[in-house]
Amino acid sequence: MKSYQRSKSMHVKKILLISEALCAPFDEGFKNVVFSLCKQLESKENVMIVTKAENKTDDLKVTKVVLNKFLLNKNLKSILTTYSPDIVLYIPFASYSLGSFLRAKILKLMSKNSKVLMLGIQHRALSPVIRALIANFLSPDLLLLLKKTPQGFFNEEKLKMKILPPAVDSDKFRPVIKKEKDAIRAAYNIPDNKKIVLHVGHIKASRNIESLIEVQGLHNIQVVVVGSSSMGVDNNIKKKLEEKGVVVLDGYVNDVSRLYKMADLYVFPVLYDTAAIDMPLSVLEAMACNLPVITTRFGGLVNFFKEDPGLMYFETTEELIALIKNLNNMEEYNNRRKIEPFTWGRFSDEIMATCEEVV
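Cut-offs and rules
Residues numbered from 1 in each chain as written. Predicted model: local features only at pLDDT ≥ 70, side-chain atom pairs only at ≥ 80, totals over all residues. Heavy atoms only, no water. Helix = DSSP H or I, 4+ residues; strand = E, 2+ residues; numbered from the N terminus. Contact = heavy atoms within 4.5 Å. Areas by Shrake-Rupley, 256 points an atom, 1.4 Å probe, with all protein chains shown as cover. Lys, Arg positive; Asp, Glu negative; His and termini not counted. Charge placed at Lys NZ, Arg CZ, Asp CG, Glu CD. Salt bridge = Lys/Arg side-chain N within 4 Å of Asp/Glu carboxyl O. Buried < 20%, exposed > 50% of the residue type's maximum accessible area, 1.4 Å probe, protein only. Pairing = 2+ DSSP bridges. Axes fitted to C-alpha atoms, helices over the stretch in contact; angles between N-to-C directions. Core = buried A, V, L, I, M, F, W, Y, C linked by side-chain atoms within 4.5 Å. Arc of directions from axis to C-beta.

Student: Help me understand the overall build of the protein chain in this model?
Tutor: For the protein chain, the helix and strand inventory stands at 13 helices and 13 strands. Looking at the protein chain alone, contacts between residues at least 24 apart form 71% of all its contacts between residues at least 6 apart. In the form shown here, the protein chain has an accessible surface area of approximately 16400 Å², with 50% of it arising from carbon and sulfur atoms. Where the 50 positive side-chain charges of the protein chain centre and where its 40 negative ones centre are 6 Å apart.

Okay, here's the thing in structure tokens:
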């Protein structure tokens, strides 16, 4: 992976970051990526952050404007003209859909002297015709991604791309001593003689979480599924899980890191590439807590993490069950050491350095 040294003479004077996804509660992967990046950038004098007028942004320092579907707004146009950024960084909630590329093109037209970068956080299925249209007519100056796209997915000669490293808050997500783990378990009425298998994410059929029902049937295993409070719940899936003894937490959790801290193993069973962001934060958060992880070969995980006893990949439910049965010791792994270099500070520095390169 390419590393960057910040140049002594700054070429980028002003960056304008715009995203519809900057909206509380920040309780799922997509919104957490945008929030974490903005949290790093909001204090920088040469960065301005813009989002929709109705979005709740907690205590972030942002500018809010009324935005329609195509970002056509005289106030936004005025901001772009007055602020005159060197770089416009657009992070669309729709990720790299056709509509997102169209909006990026509109931003380019409204800010004639700016370079436009777009960050795509989640995979989108695009037909060959749409991909050709994007590459030939709607490409931004640079497309930032969290995983490598299949060879030829875009026309690499016409649409320039860069892969960003993963990132996680390893101060918030950290290992705990047994006393703290036991206290958290007690708060959720989970017996000490059970090994907790955790999954955090949307309670949707597309995430293959029904496979965790078979895990629940294993001896001395308690599966805990934590769902996003803001993204809706498939009640049929929830009912099936609970009927088999899975603990489902689908209300707002103020500090989700506590749930990782009580767990013994993290499982990420997602198969469909549009069912989660390209670099699933829950896997990184589990690794930061030094939990062993069993996951599908999802998104950008395989670009950055090799398989070893602490992080294992699976394809079928049968493989998942076999891997769990073979985990004799769920305590001593080095997953946290793997994740420590990948901070949000480094993530934002990569973006700032990329902005300088583009200019």
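Student: Quick question: what am I supposed to make of unusual backbone geometry here?
Tutor: In terms of backbone geometry, most residues other than glycine have negative phi values and most peptide bonds are trans. Looking along the chain, the bond that leaves Ala24 and enters Pro25 is cis, with omega of 5 degrees. For Pro25, the location among the structural elements is in the loop between strand 1 (15-18) and helix 1 (29-41). Phi at Asn189 is positive, roughly 55 degrees, even though this residue is not glycine. Among the secondary structure elements, Asn189 is positioned in the loop between helix 5 (178-187) and strand 8 (195-200).

Student: Can you walk me through the environment of Gly345 in this structure?
Tutor: Checked against the element boundaries, Gly345 lands in helix 13 (residues 344-358). Between the alpha carbons of Gly345 and Val168 there is a distance of 9.6 Å; along the sequence they are 177 residues apart.

Student: What's the story with the pattern of salt bridges in this structure? I'm lost.
Tutor: Between side chains of opposite charge, a pair can form when the charged atoms approach closely. Per the stated rule, a full pass over the model turns up 14 salt bridges. Note that Lys52 is salt-bridged to Glu54, the shortest N-O span being 3.4 Å. Classification of Glu54 by relative accessible area gives exposed; the value is 52%. The salt bridge involving Asp182 is made with Lys178; its shortest N-O contact spans 2.7 Å. On the criterion of helical spacing, the pair formed by Asp182 and Lys178 is a turn pair, its members being four residues apart in helix 5. A residue is classified by how much of its surface remains accessible, and Asp182, at 23% relative accessible area, is partly exposed. Look at the salt bridges and you will find they share partners, linking Lys39, Glu42 and Asp59 into a network.

Student: Please explain the sheet that holds strand 13 (residues 311-313) as it appears in this structure.
Tutor: Ordered in space as 10-9-8-11-12-13, the six strands form an open sheet in which the pairing is parallel. Of all the strands in the sheet, just strand 10 (247-249) and strand 13 have a single pairing partner and so form its edges. When the angles between neighbouring strand axes are averaged without regard to direction, this sheet yields 20 degrees. For strand 8 and strand 11 (residues 265-268), the ladder comprises two bridges, and the chain directions are parallel.

Student: Looking at this structure, how should I read the nonpolar core?
Tutor: Soluble globular proteins tend to bury their nonpolar side chains together. Counting 70 residues, the largest nonpolar core has Ile121, Tyr260, Tyr266 and Phe305 as its most contacted members. At seven residues, helix 1 tops the list of elements feeding residues into this core. Among all residues touching Ile121, those that are not within four sequence positions of it are Phe30, Val33, Val34, Ile91, Ser95, Leu146, Ile277 and Asp278. Membership of the second largest hydrophobic core comes to 29 residues, among which are Leu16, Leu67, Ile106 and Leu143.

Student: Can you help me understand helix 7 (residues 235-243) in this one?
Tutor: In an α-helix there are 3.6 residues to a turn, and that puts residues three or four apart on one side. Residues of helix 7 that are buried: Ile237, Lys238 and Leu241. Projected down its long axis, helix 7 carries its buried residues within an arc of 100 degrees, all on one side. Exposed side of helix 7, more than 90 degrees from the buried face: Asn235, Asn236, Lys239 and Glu243 are the residues found there. On the buried face of helix 7, the contacting elements are helix 6 (212-216), strand 9 (221-226) and strand 10.

Student: I keep staring at helix 9 (residues 281-288) and nothing clicks. Help me out?
Tutor: Of all eight residues that make up helix 9, eight are buried, and the element is covered over most of its length. Buried within helix 9 we find Leu281, Ser282, Val283, Leu284, Glu285, Ala286, Met287 and Ala288. Once helix 9 finishes, Asn290 follows within two positions and takes phi at roughly 65 degrees, a positive value.

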